[in-house]
Amino acid sequence: MSKEQNSLMDKIVSLSKQRGFIFQSSEIYGGLKSAYDYGPLGVELKRNIMNEWWRSMVHEREDVTGIDASIVMHPKVWHASGHLAGFSDPLVDCLISKERFRADKAPKPQKGDELPISCVDKGQAKAYKEAIKKRFEIELRRNGKTLEGLRVIDEKTFGFFESDSDVSANTFPYAGYVGPTFGCPFLSEERQFNLMFRTQLGPVDVLNSISKFMEDNREADSKTIREGVDSIVKESAVYLRPETAQAMFVQFLNCQQSMSMKVPFGIAQMGKSFRNEITTEHFIFRSCEFEQMEMEFFVEPGTQIEWLDYWRDKRLEWWKSYANHPEKFIYRKHDADELAHYADACYDIEYEYPWGYDELEGVASRTDYDLKKHAEHSGAKLSYFDQQKEDPKTGKMGWRYTPYVIEPAAGATRGLLVYLLDAYHEETVKDGKGNDSTRVVMKLHPRLAPIKAAILPLVKKEGLPKIAREIVSDFFKAGINVKYDENHAIGKRYRRHDEAGTPYCITVDGQTKEDGTVTIRDRDTMVQERIPAKEALRIVQDRLVKS
Ligand code: ATP
């Protein structure tokens, strides 16, 4: 990240704390790594994002229904989905630096590319040069803090080349990627790690059974002990869901039958997911506990690519519709080697974060893999019968098939970070004394803004607070979140609400008592208009609908 980009993230982190969007979890105890709490403004922003998603995905559609499933599901769900066996990312260790990283996220130099090993300083470069010499019997050339001489020969091999030679002096197996920090291609085999959080269901402490087993097997070897403990733990083990999606497959029949849904139709859910991520990074971008907004859209086999394109465009448009910089949202098609084994096509909706383009939402064509797996493991008939369609195999009316699935899977908390980045705006304005000052404005979309309007008596006397409180009460009755605020000079209050992203400030002043009007100030333009106090609610409502 460049200095400027770094500073945008720093500003977002600091404003999030100051204004009450996001706090470090358990901060007074030193904080918990990569866990965050959504503060007074953050909780509103998150709910607004999720409510807008629900509105567009469920309420405004006849073909989508919603559910809210339990976070802890039957462990067989995760056997069937493959998560227990494969909910893991291949991890690799750099043999020289000992850096551990996810293979699928590592840089992938191609045939003919040089493989410079970039060290932190000269001392480290010398140490790594020695380590490589000792272990692989080659002497890399040191150029300051970089080690040179390695090059990719083909997909499976890299070589060591003397400075004036095109013929490799030694060759080594190439994994197709290098360590992200140092660029080193000397790597361990890939290993699987389970990313699901495991816990035990039931009030009986599993430690009692384990200690009893240990006492009864004092003489046993370590393999027997491990297997014994493992089987005790597994008896009552359950998992925190690593995605919300599986509940929609498991409840496919109940939703379809209770709501008489006809294919194509979708089931949507939003809520918490948990992953023991190896690297948590970029503030709330990747954390262990996060919220997702996912929908499984069941379609007739053969129509999936059409629907994939439909949902890709629909979802991209949705993200853009709340943004100040829609051009920063793009989609990217997965290459064949990136596709999950069950998917026949996939797009990532990406945002241009300060560190570059990265994922915000995945839109995947998951074939009939999930329903078939759950049918196989549970014995339930997870299929659909279409009376109006001819069975392509028999040519007879009535076709029973396992629907194919398109899955738009978005991160709600990641989306919140995106909208904070998108909203952050600084401009130079004149202060009361005519000097230049920096105004920070969170240009959040009015429907996402945590507080829709601030109701401000100009002074705390002369009956103005009473009038302001009456306006507040009108808004409350209409279910609109506004805040009464009487502390500090009016200019300071405007600035505070600019930073909170409050789109409108309604000020009650001396003139209100004379003619019943108030001012309404627009956050982005700072333009103030006089409107009848009685009209304030309707005007804000209108603007929210039109925004
Ligand atoms: P990534 O490659 O960025 O880890 P993923 O491809 O594993 O994400 P999916 O399983 O497709 O993610 O999950 C769908 C969405 O859920 C992602 O696009 C992202 O917005 C969100 N998400 C996934 N993992 C996390 C996490 N650890 N923290 C925050 N959001 C996440």
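These remarks concern the structure in this document. On a predicted model such as this, the values are computed, not experimentally measured, just so you know.

1. Describing the overall build of the chain
In step 1: Across its full length, the chain carries 16 helices and 29 strands.
In step 2: With the C-alpha coordinates aligned to their principal axes, the bounding extent of the chain is approximately 90 × 75 × 60 Å.
In step 3: Across the 547 residues of the chain, 48% fall into the buried class.
In step 4: Pairs at least 24 apart in sequence give 63% of the contacts found in the chain among residues at least 6 apart.
In step 5: For the chain, the distance from the average position of its 79 positive side-chain charges to the average position of its 86 negative side-chain charges is 4 Å.

2. What to know about the pattern of salt bridges
In step 1: Scanning all chains against the criterion turns up 40 salt bridges.
In step 2: Arg-55 is the partner of Glu-60 in a salt bridge, and the nearest nitrogen-oxygen pair spans 2.8 Å.
In step 3: We classify Glu-60 as exposed; its relative accessible area is 54%.
In step 4: In this structure Arg-55 comes out as partly exposed when scored by relative accessible area, which is 29%.
In step 5: The shortest N-O distance in the salt bridge between Lys-272 and Glu-289 comes to 2.7 Å. Pair noted here: Lys-272 is in strand E15 (residues 265–274) and Glu-289 is in strand E16 (residues 289–299), with a separation of 17 residues, a long-range link.
In step 6: When its relative accessible area of 30% is taken as the criterion, Lys-272 is described as partly exposed.
In step 7: Salt bridges here are not isolated pairs; linked through shared partners, they connect Glu-52, Arg-55, Glu-60 and Arg-447.

3. Digging into the site of the ligand
In step 1: Lining the immediate environment of the ligand, one finds 17 residues, of which Glu-277, Arg-286, Ser-287, Glu-359 and Leu-360 sit closest.
In step 2: Within the side chain of Gln-292, a nitrogen or oxygen atom sits 3.1 Å from an oxygen atom of the ligand.
In step 3: Here an oxygen atom of the ligand sits 3.0 Å away from a polar atom, N or O, in the side chain of Arg-414.
In step 4: For the ligand, whose free accessible area comes to 590 Å², the fraction covered by protein is 86%.
In step 5: Residues of the shell around the ligand, tallied by class, amount to five nonpolar, four polar and eight charged.

4. Here's the deal with the environment of Ile-49
In step 1: Looking at where Ile-49 falls in the secondary structure, it is placed in helix H2 (residues 40–59).
In step 2: A relative accessible area of 0% places Ile-49 in the buried class.
In step 3: Apart from the residues within four sequence positions on either side, Ile-49 is in contact with Met-293, Trp-318, Gly-415, Leu-416, Tyr-419 and Leu-448.

5. Examining the sheet that holds strand E9 (residues 150–154)
In step 1: Read from one edge to the other, the open sheet built from three strands follows the order E9-E10-E11, with strand pairing classed as antiparallel. Of all the strands in the sheet, the pair left with one neighbour each is E9 and strand E11 (168–173). For this sheet, the mean angle separating the axes of adjacent strands, direction not counted, is 35°.
In step 2: Taken together, the five bridges between strand E10 (residues 157–161) and E11 define a ladder with antiparallel strand orientation. Across the sheet, residue Thr-157 finds its bridge partner in E11, namely Pro-173.

6. Points about the nonpolar core
In step 1: Membership of the largest hydrophobic core comes to 57 residues, with the highest contact counts inside it found for Trp-53, Met-293, Trp-319, Phe-329, Leu-417 and Tyr-419.
In step 2: Other than its neighbours up to four places away in sequence, Phe-329 contacts Leu-316, Trp-319, Lys-320, Ala-323, Glu-350, Tyr-351, Leu-360, Val-418 and Tyr-419.
In step 3: Membership of the second largest hydrophobic core comes to 28 residues, among which are Tyr-128, Ile-138, Val-152 and Phe-158.

7. Observations concerning the environment of Glu-327
In step 1: Within the fold, Glu-327 resides in the loop between helix H10 (304–321) and strand E17 (329–333).
In step 2: Accessibility expressed as a relative area gives 53% for Glu-327, which makes it exposed.
In step 3: Once the C-alpha coordinates of Glu-327 and Ala-533 are considered, the two residues, 206 residues apart in sequence, prove to be 38 Å apart.

8. Examining the packing of H2 against helix H12 (residues 412–423)
When two helices pack together, you describe them by how their axes are tilted relative to each other and by the distance separating the axes.
In step 1: Close contact between H2 and H12 brings their axes to 10 Å; oriented N to C, the two are set at 110°. When the axes of H2 and H12 are compared, the pair comes out roughly perpendicular. For the pair H2 and H12, contact is made by Gly-42, Leu-45, Lys-46, Ile-49 and Met-50 and by Ala-412, Thr-413, Gly-415, Leu-416, Tyr-419 and Leu-420, respectively.
In step 2: Residue composition of the contact of H2 with H12, grouped by class: seven nonpolar, three polar and one charged.

9. Section: the pairing of strand E24 (residues 436–442)
In step 1: E24 sits mainly inside the fold: five of its seven residues count as buried.
In step 2: Pairing between strand E23 (residues 424–430) and E24: seven bridges, direction antiparallel. Following the sheet pairing, Glu-427 is matched in E24 by Arg-439.
In step 3: Hairpin remark: E23 followed by E24, antiparallel, with five residues in the connecting loop; positive phi at Gly-434, about 85°.

10. Brief notes about the packing of aromatic side chains
A ring pair, where both rings are aromatic, is described by two values, the distance of the centres and the angle of the planes.
In step 1: Inspection of every chain in the model, using the stated rule, returns 33 aromatic pairs.
In step 2: An angle of 85° between the planes, with centres 5.0 Å apart, marks the rings of Tyr-310 and Trp-311 as edge-to-face.
In step 3: Aromatic pair Trp-319 and Tyr-419: ring centres 5.8 Å apart, planes at 40°, arrangement tilted. Here the residue Trp-319 occupies a position in helix H10, and Tyr-419 occupies one in helix H12, the gap between them amounting to 100 residues.
In step 4: Between Arg-312 and the ring centre of Tyr-331, over which it is positioned, the NZ or CZ distance is 4.3 Å.
In step 5: One Lys or Arg, Arg-312, reaches over the ring of Tyr-347 and ends 4.7 Å from the middle of that ring.

11. Overview of the pairing of strand E28 (residues 517–522)
In step 1: Within E28, five of the six residues are buried, which leaves the element mostly enclosed by the surrounding structure.
In step 2: Pairing analysis gives four bridges linking strand E27 (residues 504–508) to E28, with the strands arranged antiparallel. Within E28, the residue paired with Tyr-504 across the bridge is Asp-522.
In step 3: Examined bridge by bridge, E28 and strand E29 (residues 528–532) share five bridges and lie antiparallel to one another. Pairing of Val-518 across the sheet is with Ile-531, part of E29.
In step 4: Here E28 folds back onto E29 in antiparallel fashion, the turn holding five residues, of which Met-526 has a positive phi close to 65°.

Reading the values: rules and limits
Residues numbered from 1 in each chain as written. Predicted model: local features only at pLDDT ≥ 70, side-chain atom pairs only at ≥ 80, totals over all residues. Heavy atoms only, no water. Helix = DSSP H or I, 4+ residues; strand = E, 2+ residues; numbered from the N terminus. Buried < 20%, exposed > 50% of the residue type's maximum accessible area, 1.4 Å probe, protein only. Contact = heavy atoms within 4.5 Å. Lys, Arg positive; Asp, Glu negative; His and termini not counted. Charge placed at Lys NZ, Arg CZ, Asp CG, Glu CD. Salt bridge = Lys/Arg side-chain N within 4 Å of Asp/Glu carboxyl O. Near = heavy atom within 4 Å. Polar contact = N/O pair within 3.5 Å; in protein donor to acceptor, adjacent residues only side chain to side chain. Areas by Shrake-Rupley, 256 points an atom, 1.4 Å probe, with all protein chains shown as cover. Nonpolar A, V, L, I, M, F, W, Y, C, P; charged D, E, K, R; others polar. Pairing = 2+ DSSP bridges. Axes fitted to C-alpha atoms, helices over the stretch in contact; angles between N-to-C directions. Core = buried A, V, L, I, M, F, W, Y, C linked by side-chain atoms within 4.5 Å. Parallel < 35°, antiparallel > 145°, perpendicular 65-115°, else oblique. Phe/Tyr/Trp six-rings, centres within 6.5 Å; stacked < 30°, edge-to-face > 60°. Lys NZ or Arg CZ within 6 Å of the ring centre and 35° of its normal.

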